[in-house]
Amino acid sequence: MSIDAIDRRLLAATQAGLPLTPEPYAELGRWLDLGEEEVIDRLASMQARGVIRRIALAPNHDALGLPANGVSVWDVLDSEVERLGPQVGALAFVGHCCLRPRFLPLWPYNLFAMLHGAGREEVEEKRAVIARLLGPACRGQDILYSTRILKKTGMRLKKTEP
Amino acid sequence: MIAWPLPPDTLDETDRRILDALQEGFPLTSRPFAAAGAALGLAEGEMIERIAALREMGAITRFGPFFDAAAMGGDFCLCAMAVPAGRFQEVAALLNRRCEVEHACERSHALNMWFVLAVETADDIDRLATEIESESGLAILRFPELAAFFVGFGVRA
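Residues numbered from 1 in each chain as written. Chains lettered and ligands numbered in written order. Predicted model: local features only at pLDDT ≥ 70, side-chain atom pairs only at ≥ 80, totals over all residues. Heavy atoms only, no water.

### Overview of the overall build of chain A
Filter applied, for reference: Strands are runs of DSSP state E lasting at least two residues, helices are runs of H or I lasting at least four, and both sets are numbered from the N terminus onward. Computation of the radius of gyration draws on C-alpha atoms, with the globule rule given as 2.2 Å multiplied by the number of residues to the power 0.38. Burial status follows relative accessibility: with a 1.4 Å probe on protein chains alone, a residue under 20% of its type maximum counts as buried, one over 50% as exposed, and anything between as partly exposed. Contacts between residues were defined by any pair of non-hydrogen atoms, one from each residue, lying within 4.5 Å. Every accessible area reported is derived by Shrake-Rupley at a probe size of 1.4 Å, with residue values counting cover from the shown protein chains alone.
Within chain A one finds 6 helices and 5 strands. Its C-alpha atoms give chain A a radius of gyration of 21 Å, clearly above 15 Å, the size a compact globule of 162 residues would have. Reported as C-alpha extents along the three principal axes, the dimensions of chain A are approximately 60 × 35 × 30 Å. Buried positions account for 55% of the 162 residues belonging to chain A. Put simply, of all contacts in chain A between residues at least 6 apart along the chain, 63% involve residues at least 24 apart. Here chain A has roughly 7100 Å² of accessible surface; of this, 55% comes from carbon and sulfur atoms.

What follows is the structure, given as structure tokens:
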């Protein structure tokens, strides 16, 4: 699945942000010589196809006071991770949860689960719940707190056509 | 971009309600600020002015469509580097210059620099990671997602 040249121009035009005018889609249309209806239809179609995850605002947590966020990482037996991974992912407080490769000996962890909280104490409580769930199938664990956000823009397209 | 925390009373309750509400999504209708404002009891003009002010003060990192590289025929990959303390700013600047670096943060580990590469063509991940390795002289560990175990509703980092 992919996008055509007009879709791409549309995405590129919105990267710096939607125009802050009462009719932003009409304004985008004027920039790109498209009607407002076509702009809305194309954005809706890309959203339906999953090319656009969402149209939304991302707050700058670093500027606003960062709530604690940590990637909890776990070394789970290969024979158990397919069974236990979905159980961790199904915990209501777990954000993104997935299986990733190990890099031994530096990095023995294969299961990643994103945890958020108002403070580190809350994150640690959540981490303890996961540890109990994994039990003896887990041979080691760590948590990596985010100490500074250096860049958070969402994906950006190159300025030139591919 | 390294933002310093804004003074705690910079945003009022209404600003925070706007930030919370628009994180969830923004309408695809002719007058979306009016529609989003109506849900919050705010007039269209006030919505626009407040969002403009929030953007101006650096409280917003992005406002608009968020793309999914994989759905566009491209790919994305979580990456990590162990950057010596004295080189941290320099390497952060190097990553910041790349439009394919979607998100970068410092984390408390020997692997202290974590970022996501998002590219429009699947095989570009490796080419790009290799380029950044030779520019920085540092190894990049690639952590592709091998299986996703439910993408929860928790706030994304």
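### Topic: helix α3 (residues 44-56) of chain B
All names here are of chain B. Heads up, the condition is: Expected helix span is computed as 1.5 Å times (number of residues minus one).
Look at α3: 18 Å from first C-alpha to last across 13 residues, which is about the 18 Å you get at 1.5 Å a residue. Inspection of α3 places Glu44, Met47, Ile48, Arg50, Ile51 and Leu54 among the buried residues, and these make up the whole buried set. Looking at the buried positions of α3, the neighbouring elements they touch are α1 (13-24), α2 (32-40) and β1 (60-67). Positive phi shows up at Gly58, right after α3, with a value of about 85°.

### Structural notes on the packing of aromatic side chains
The description of an aromatic ring pair rests on the distance of the ring centres and on the angle between the ring planes. Definition in use: When two rings of Phe, Tyr or Trp (its six-membered ring) have centres within 6.5 Å they constitute a pair, described as stacked for plane angles under 30 degrees, edge-to-face for angles over 60, and tilted for the intermediate range. For a ring to carry a charge above it, either NZ of a lysine or CZ of an arginine must fall within 6 Å of the ring centroid while also lying within 35 degrees of the normal to the ring plane.
Throughout the structure, instances matching the rule amount to 11 aromatic pairs over all chains. Between A:Trp107 and A:Phe112, the ring centres sit 5.9 Å apart and the planes meet at 40°, which makes this aromatic pair tilted. Here the two residues A:Trp107 and A:Phe112 agree in accessibility, since each one is buried. A ring pair is formed by B:Phe26 and B:Phe63, whose centres lie 5.0 Å apart and whose planes are at 75°; its orientation type is edge-to-face. Here B:Phe26, found in the loop between α1 and α2, pairs with B:Phe63, found in strand β1; they are 37 residues apart in sequence, far enough to count as distant. Classification of B:Phe26 by relative accessible area gives buried; the value is 7%. By way of ring pairs, the aromatic residues A:Phe103, A:Trp107, A:Tyr109, A:Phe112, B:Trp114 and B:Phe143 are connected into one cluster. Above the plane of the ring of B:Phe66 lies A:Arg54, whose end atom (NZ or CZ) is 4.7 Å from the centre. Directly above the aromatic system of A:Phe112 lies the positively charged group of A:Arg100, at a separation of 5.2 Å from the ring centroid.

### Topic: the packing of helix α1 (residues 5-14) of chain A against helix α2 (residues 24-32) of chain A
Residues and elements named next belong to chain A. For the record, the criterion: To define axes, lines are fitted to C-alpha atoms, for helices over the stretch in contact only, and angles between the resulting N-to-C directions are given on a 0 to 180 degree scale. In this scheme the handedness of a crossing depends on how the near helix is turned from the far one: anticlockwise by less than a right angle means left-handed, clockwise means right-handed. Think of it as three bins: nonpolar holds Ala, Val, Leu, Ile, Met, Phe, Trp, Tyr, Cys and Pro, charged holds Asp, Glu, Lys and Arg, and polar takes everything else, Gly as well.
The contact between α1 and α2 brings their axes to 11 Å, and the two run at 115°. Remark: the crossing between α1 and α2 carries right-handed chirality. Between α1 and α2, the residues in contact are Arg9, Leu10, Ala13 and Thr14 and Leu28, Trp31 and Leu32, respectively. In terms of residue class, the contact of α1 with α2 is made up of 5 nonpolar, 1 polar and 1 charged.

### As for the pattern of salt bridges
Residue and element names in this part refer to chain B. For the record, the criterion: By convention in these notes, a salt bridge is any Lys or Arg side-chain nitrogen within 4 Å of a carboxyl oxygen on Asp or Glu.
Tallying each qualifying case throughout the model produces 23 salt bridges over all chains. Note that Arg31 is salt-bridged to Glu44, the shortest N-O span being 2.8 Å. Residue Arg31 is found in the loop between α1 and α2, and its partner Glu44 is found in helix α3; the two are separated by 13 residues along the sequence. In this structure, Glu135 and Arg98 form a salt bridge, with 2.3 Å as the shortest nitrogen-oxygen distance. With Glu135 in helix α5 (residues 124-136) and Arg98 in the loop between α4 (88-96) and β3 (101-107), this residue pair connects regions lying 37 residues apart in the sequence. The class for Glu135 is partly exposed, based on a relative accessible area of 43%.

### Section: the domain arrangement of chain B
The test is simple: Either an automatic procedure or a domain database provided the assignment from which the domain bounds are taken.
Here the domain parsing of chain B yields domain 1 (13-56) and domain 2 (75-143). Computed over C-alpha atoms, the centres of domain 1 of chain B and domain 2 of chain B are 34 Å apart.

### Side note on the interface of chain B and chain A
Many authors give the size of an interface as the accessible area that is lost as the parts come together. Spelled out, the test is: Identification of polar contacts relies on pairs of N or O atoms within 3.5 Å, with a donor-acceptor requirement for protein atoms, meaning one able to donate a hydrogen and the other able to accept it, and with residues adjacent in sequence counted only if both atoms are side-chain atoms.
Between chain B and chain A, the residue contacts involve 80 residues of the former and 79 residues of the latter. Where chain B meets chain A, there are 1 salt bridge. Between A:Arg8 and B:Glu120 there is a salt bridge; the shortest N-O distance is 2.9 Å. Summed over the shared surface of chain B and chain A, the result is 23 residue pairs in polar contact (both at pLDDT 80 or more).

### Regarding the domain arrangement of chain A
Taken domain by domain, chain A holds domain 1 (5-49) and domain 2 (62-145). Each of domain 1 of chain A and domain 2 of chain A has a C-alpha centre, and the two are 38 Å apart.

### Some words on the state of the cysteines
The following threshold applies: Working definition: a disulfide is two cysteine sulfur atoms within 2.5 Å of each other.
For the coordinates displayed, the defined rule picks out 0 disulfides over all chains. B:Cys79 provides the cysteine sulfur closest to B:Cys105, a residue in no disulfide bond, and the two sulfurs are 13 Å apart.

### Section: the nonpolar core
Convention followed: In these notes, a set of buried Ala, Val, Leu, Ile, Met, Phe, Trp, Tyr and Cys residues joined through side-chain atoms within 4.5 Å is what counts as a nonpolar core.
In this structure, A:Tyr25, A:Leu43, B:Leu22, B:Phe26, B:Met47, B:Ile51 and B:Phe63 are the most contacted members of the largest nonpolar core, which totals 39 residues. Elements supplying a minimum of two residues to this core: α1, α2, α3 (36-49) and β1 (52-59) of chain A together with α1, α2, α3 and β1 of chain B.

### As for the environment of B:Val116
Residue and element names in this part refer to chain B. By the secondary structure assignment, Val116 is in strand β4 (residues 113-119). Distance from Val116 to Leu78, taken between C-alpha atoms, is 4.5 Å for residues 38 residues apart in sequence. The contact partners of Val116, leaving out residues within four places of it in the chain, are Phe76, Cys77, Leu78, Glu100, Val101, Glu102 and His103.

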